[in-house]
Structure formats: structure tokens, C-alpha cells
Amino acid sequence: MKKKAAVIGYGGMGGWHVDHILKSDVVEFAGIYDIKEERRALAESRGIKAYASREELLADPEIEMVTVAVPNDVHEEIVIAALEAGKNVLCEKPVTLSLESLERMIAASKKAGKIFSVHQNRRFDVDYLAMKQLKDSGEIGEIINIESRIHGSRGIPSDWRGEKAYGGGMLSDWGIHLIDQILMVLGFDGIAGVRCTFEHITNDEVDDGFSLWLDYKDGKRAYVEVGTYNFIAMPRFYMRAKSGSAFIRDWRENCKVAKCKAWHESDVIPVETAAGLTKTMAPRDEITLDEYELDRPKSDVHDYYRNFVRAIDGLEEQFVTHDQMRTDLKVIMKAFESVEKGGERIEF
């Protein structure tokens, strides 16, 4: 039986959630509330019920779950109010602005006996899923390092994302997605240290780009980069492993894999580069290397809602767990600490 759901916040992501709920096979749409009168009016002009207040929405006994899609600085207040009203809560990312705030939200969910999770929708990105599939299969061996980048050229958005008070900046906006993806590939356990630097090209108040390094106790490494002033984008993913490498130029392209079949060639012919010869950098041939593309993984982002509903019914564990939420946010907090200390590596 479908669960009745409402959305608090009818901006960009709030509208995205409404569109998906309206087409859902597991959730029935109840309505929205937005603090701005013009957005409530816009919803009603589209035939969508708009509650007059947050309190009215939360008092509706038919609503079983609430999606919170508002600026980051008010997540905690609204999530806790919804949990205390007996609703299961799905919150947009980043879940909140501090670990202490997150623990208060988790405590409220446990006290209410309700499901509380964060919407990590980019766990359904096909580029990330290709990298995770490759790692999980062991096809190219143990991972050495992975690089993840998102590049654009329009600067930081001119909405709340550009203001520190609202939890803006690219580390909180895009970084939380890319960090979560990396941890899904390399693991949420065993992180040893975090280092981060910010860019301020178009915005002095918050970061409009960042570079973040993660190292693990077992030697694995990750690099995450977001740039909003890149007129030529670098590859979306690059992975090195003990038996090969993998590469994705952008999310529209398949994952390209190069798998090493034999380490040594019987006779490496030197190649001429710019101003000299090299054996070290000589290209491999088909005798020692297999090169191929992976099929694009199948993905349906609405599986997040399907899982959430089944978690409410006690049939599945919630897709994004509290411990995963804690680790994602802890990486963000350590990254901010590193920036404050001039890009120093911070123990995890």
C-alpha cells in the first residue's frame, strides 16, 4: 500500500521530489509547504495542494513521510519537528551543518521510532555505479587510488548556495555527493586522514571549488575535486588498480577499462617523445593489455523511495544508514578544519 508523502520546500529540489512522487509506484502525494507565499501559489496553480503552514502539514494524520528540501541551515529544526509529529523523514543533503546537529536528529528519530535518512540520490549515477561495479567485481584487482571530479564554468549559483549562513559552498553542495560515492567504493571504515583546499574565484564568502584528499589506513587514496571555473573539464573518474586502470570522461560516456594481462614484454621498443627516447613510457600493445568498455549500469533513482517505504514497513534496512551519514558529514567537517589550517592533513 502506498505511503502518503508531503514535501517541505518547493524550490529546485523540492519540485524534483514532487515530480517523482507524482509518478511513484510506492508513494501517494499529499502536498507541499513552502515559507514563500509565491511558491505556495505556484504549486496551487499547478494543481498541487499547498498547506498554509508547516504546522498544518505536520498535523495531517494521513501523511506518513515528509521530504525536507530547504536550505541546509534549517534542516535540523524541520526534521526534528517532523519526527516529533510522528512522520518518517527523508532530508536533502548535506543532512545538516555539524556532527552534533546530526546526533540530535538521529536521537529524535530513535525516540519517535521513525525512519530518518538523507537523500543521497547520486548513488544512482551511472558513472559512479560503473566504478563501483568494477571495484566490486575485482576485475582489475585491488584499488590503489581513485579520482573523482565535477567541473563547470558558470561559477557558484547566485542563490543561498553562495551564502555561508545557509550552509552554501561547493564542498557542502556537490562535495557531499562525491565524497559519499567515494566511500561507497573504497569503504566507510579505515579512513586515516583528510586534507582540503578551497578556491574563491567568483565568491569570497564560500568556496566555489575545492580539492580534497582522503587516505586510508591500508594505503588506498582518493582525490575529489569540484570546480566552477573550468572551461575545459577534466575526466569525471580515473581509477588505478593492481591489474589495470579505468577512466570515464563524463557521465554520458561508458567506462573505459585497460586490463594488464602480462607485466613484462619480451622486447620493449623505445619511443621518441618531444626531445628524447623512452622505454619507461612506451605504450603497451594488445599482447599485454586488454582494452574494452563496460556496459552502462542500469539505474532507477526512484529506488531510493522504494527502499524508504520498505524500511518504514521493516522489510529492508534504509539505503543510507545513520553510520554512513555520520561518516560523510565527518569527512566534510574534517575538510573544513583542514582549510582553516591552511590545507593541513587532519587525522580522521
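Source: prediction; values computed, not measured.

Regarding its fold elements, the protein chain presents nine helices and 16 strands. For the protein chain, whose C-alpha radius of gyration is 23 Å, the value lies close to the compact-globule estimate of 20 Å for 348 residues. For the C-alpha atoms alone, the extent of the protein chain along its principal axes is close to 75 × 45 × 40 Å. By the burial criterion, 50% of the 348 residues in the protein chain qualify as buried. A separation threshold of at least 6 residues defines the contact pool for the protein chain, and within that pool the share at least 24 residues apart is 68%.

Here we take up the nonpolar core. Membership of the largest hydrophobic core comes to 92 residues, with the highest contact counts inside it found for Phe116 and Leu212. Here this core gets ten residues from one element, more than from any other, and that element is helix 7 (residues 170–186).

Moving on to helix 4 (residues 75–84). For helix 4, the tally of buried residues reaches eight of ten residues, placing the bulk of the element in the interior. Of all the positions in helix 4, only His75, Glu76, Ile78, Val79, Ile80, Ala81, Ala82 and Leu83 are classed as buried. Each element contacted by the buried residues of helix 4 is listed here: strand 1 (3–8), helix 3 (54–59), strand 3 (65–68), strand 4 (88–91), helix 5 (99–112) and strand 5 (116–118). Remark: Gly86 follows helix 4 within two positions and exhibits a positive phi of approximately 85°.

To continue, consider the packing of helix 5 against helix 9 (residues 322–340). At their nearest, the axes of helix 5 and helix 9 sit 10 Å apart, and the two run at 165° to each other. The orientation of helix 5 with respect to helix 9, classified from their angle, is roughly antiparallel. Relative to helix 9, the crossing made by helix 5 is right-handed. Residue-level contacts link Leu99, Leu102, Glu103, Ile106, Ser109 and Lys110 of helix 5 to His322, Met325, Arg326, Leu329, Lys330 and Met333 of helix 9. Within the contact of helix 5 with helix 9, the residues separate by chemical class into six nonpolar, two polar and four charged.

We now examine helix 6 (residues 126–137). The end-to-end C-alpha separation of helix 6 is 16 Å, in line with the 16 Å expected for twelve residues at 1.5 Å each. Those residues of helix 6 lying buried are Val126, Asp127, Tyr128, Leu129, Ala130, Met131 and Leu134. At its buried positions, helix 6 is contacted by helix 7, strand 10 (237–241), strand 11 (244–248) and strand 12 (256–260). Phi turns positive, to about 70°, at Gly138, one or two residues after helix 6.

A few words now on the environment of Ala282. Among the secondary structure elements, Ala282 is positioned in the loop between strand 14 (276–278) and strand 15 (289–293). Residue classification places Ala282 among the buried residues on the basis of a relative accessible area of 17%. Along the primary structure Ala282 and Phe319 are separated by 37 residues, whereas in three dimensions their C-alpha atoms are 45 Å apart. In contact with Ala282, other than residues within four places in its own chain, are Val268, Ile269 and Val271.

Turning our attention to the sheet that holds strand 2 (residues 27–33). By definition, the strands of a sheet pair up through backbone hydrogen bonds, in either a parallel or an antiparallel sense. With parallel pairing, the five strands of this open sheet are ordered in space as 2-1-3-4-5. Only two strands of the sheet have a single partner each, and these edge strands are strand 2 and strand 5. Geometrically, the sheet is characterised by an average inter-axis angle of 20° between neighbouring strands, direction not taken into account. Relative to strand 4, strand 3 runs parallel, the two sharing four bridges. Paired with Met65 across the strands is Asn88, a residue of strand 4. Strands strand 1, strand 3, strand 4 and strand 5 of the sheet are contacted by helix 4, whose axis makes an angle of about 160° with strand 4.

How each quantity is defined
Residues numbered from 1 in each chain as written. Predicted model: local features only at pLDDT ≥ 70, side-chain atom pairs only at ≥ 80, totals over all residues. Heavy atoms only, no water. Helix = DSSP H or I, 4+ residues; strand = E, 2+ residues; numbered from the N terminus. Rg over C-alpha atoms; globule rule 2.2 N^0.38 Å. Buried < 20%, exposed > 50% of the residue type's maximum accessible area, 1.4 Å probe, protein only. Contact = heavy atoms within 4.5 Å. Core = buried A, V, L, I, M, F, W, Y, C linked by side-chain atoms within 4.5 Å. Axes fitted to C-alpha atoms, helices over the stretch in contact; angles between N-to-C directions. Parallel < 35°, antiparallel > 145°, perpendicular 65-115°, else oblique. Left-handed = near helix turned anticlockwise from the far one by under 90°. Nonpolar A, V, L, I, M, F, W, Y, C, P; charged D, E, K, R; others polar. Expected span 1.5 Å × (residues − 1). Pairing = 2+ DSSP bridges.

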